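Structural features, examined
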Amino acid sequence: MGLSGQYEASSSEWVRNQVELYERTNGAEGNEIMGLPVIIVTNRGAKSGMIRKTPLMRVEHEGNYVAVASKGGAADHPVWYFNLLANPVCELRDGATLSDRRARLLEGDERSEWWQRAVAAFPNYADYQRNTEREIPLFILEPIG
C-alpha cells in the first residue's frame, strides 16, 4: 500500500508541520483546520516525481472522498491539482486509516452533487468560488482494488 519514492516536504511551514504532526500521531493531532476535520492526500509530483503530502478538508460520503482544489479562492489551481491530473494514483489518510485511491476529475451533475457536499462540510468553499473566476475543480478519490 502507498506510493514509493522520495518524499519532499512542502515549502509551506504550516503544511510541513501539520502533515508531520498528523502522521506522527496517526491523526489524533493535527487533524483539523479552522476547527473542521482534514485528511492527508499523498501524491506524486507531476514535474519532480517526488512524493508530496497535502492536508485537505475532509469531504466524505459513503466511503468516497472529494479533494477540492480551491486554493482559498485564488485565481490559479493549487500545485497538487496538476499532480493528480498527471498521476491520479494517490494515498488517502483519514486519521489512522490509509487507503490507496485513484483521483478522477468530476464534471456535470456529479460535480454539482459533490460541490453541495463540499460546501456543507466546509462552508468557506462557497466564498472561495465567489472570489474567483475559475470553476473550482473537484476530484473524487475512489478506492483502488
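In case you missed it, the structure is sitting above this.
Okay, so let's go over this structure. (Residues numbered from 1 in each chain as written. Predicted model: local features only at pLDDT ≥ 70, side-chain atom pairs only at ≥ 80, totals over all residues. Heavy atoms only, no water.)

Think of a pair of aromatic rings as described by two things: how far the centres are apart, and how the planes are tilted against each other in angle. Applying the stated criterion across every chain, the model contains seven aromatic pairs. Arranged with centres 4.9 Å apart and planes meeting at 75°, the rings of F122 and Y125 form a pair that is edge-to-face. One exposure class covers both F122 and Y125, and it is buried. Residues Y125 and Y128 carry aromatic rings whose centres are separated by 6.1 Å and whose planes lie at 75° to one another, so their mutual orientation is edge-to-face. Highlighted residues: Y125 and Y128, both in helix α4 (residues 124–130), separated by three residues, approximately one helical turn. A relative accessible area of 3% means that Y125 is categorised as buried. Joined through ring pairs, the aromatic side chains of W80, Y81, F82 and F139 make up one cluster. Here the guanidinium or amino end of K53 rests over the ring plane of Y7, the centre of that ring lying 4.8 Å away. (Phe/Tyr/Trp six-rings, centres within 6.5 Å; stacked < 30°, edge-to-face > 60°. Buried < 20%, exposed > 50% of the residue type's maximum accessible area, 1.4 Å probe, protein only. Helix = DSSP H or I, 4+ residues; strand = E, 2+ residues; numbered from the N terminus. Lys NZ or Arg CZ within 6 Å of the ring centre and 35° of its normal.)

All right, on to the nonpolar core then. Among the nonpolar cores identified, the biggest contains 20 residues, and V59, V66, V68, W114, Y125 and L138 are the most heavily contacted of them. Among the secondary structure elements, those contributing two or more residues to this core are α1 (13–24), β2 (36–44), β5 (64–68), α3 (108–121), α4 and β8 (138–143). Setting aside its immediate chain neighbours within four residues, V59 contacts N64, Y65, V66, V68, W114, R117, A118, A121 and Y125. L56, A67, W80 and L92 belong to the second-largest nonpolar core, a separate cluster that totals 14 residues. (Core = buried A, V, L, I, M, F, W, Y, C linked by side-chain atoms within 4.5 Å. Contact = heavy atoms within 4.5 Å.)

Since the α-helix turns once every 3.6 residues, residues separated by three or four places project in the same direction. With 12 residues, α1 should cover 16 Å at 1.5 Å per step; its first-to-last C-alpha distance of 16 Å lies within 8% of that length. Residues of α1 that are buried include every one of V15, Q18, V19 and Y22, and no others. Buried positions in α1, seen along its axis, are confined to an arc of 95° and lie on one side of it. Along α1, exposed side chains directed more than 90 degrees from the buried face belong to E13 and R24. Buried positions along α1 lie against β1 (32–33), β2, β3 (51–57) and β6 (89–94). Where α1 ends, the next residue or the one after it, N26, has phi of about 55°, a positive value. (Expected span 1.5 Å × (residues − 1). Arc of directions from axis to C-beta.)

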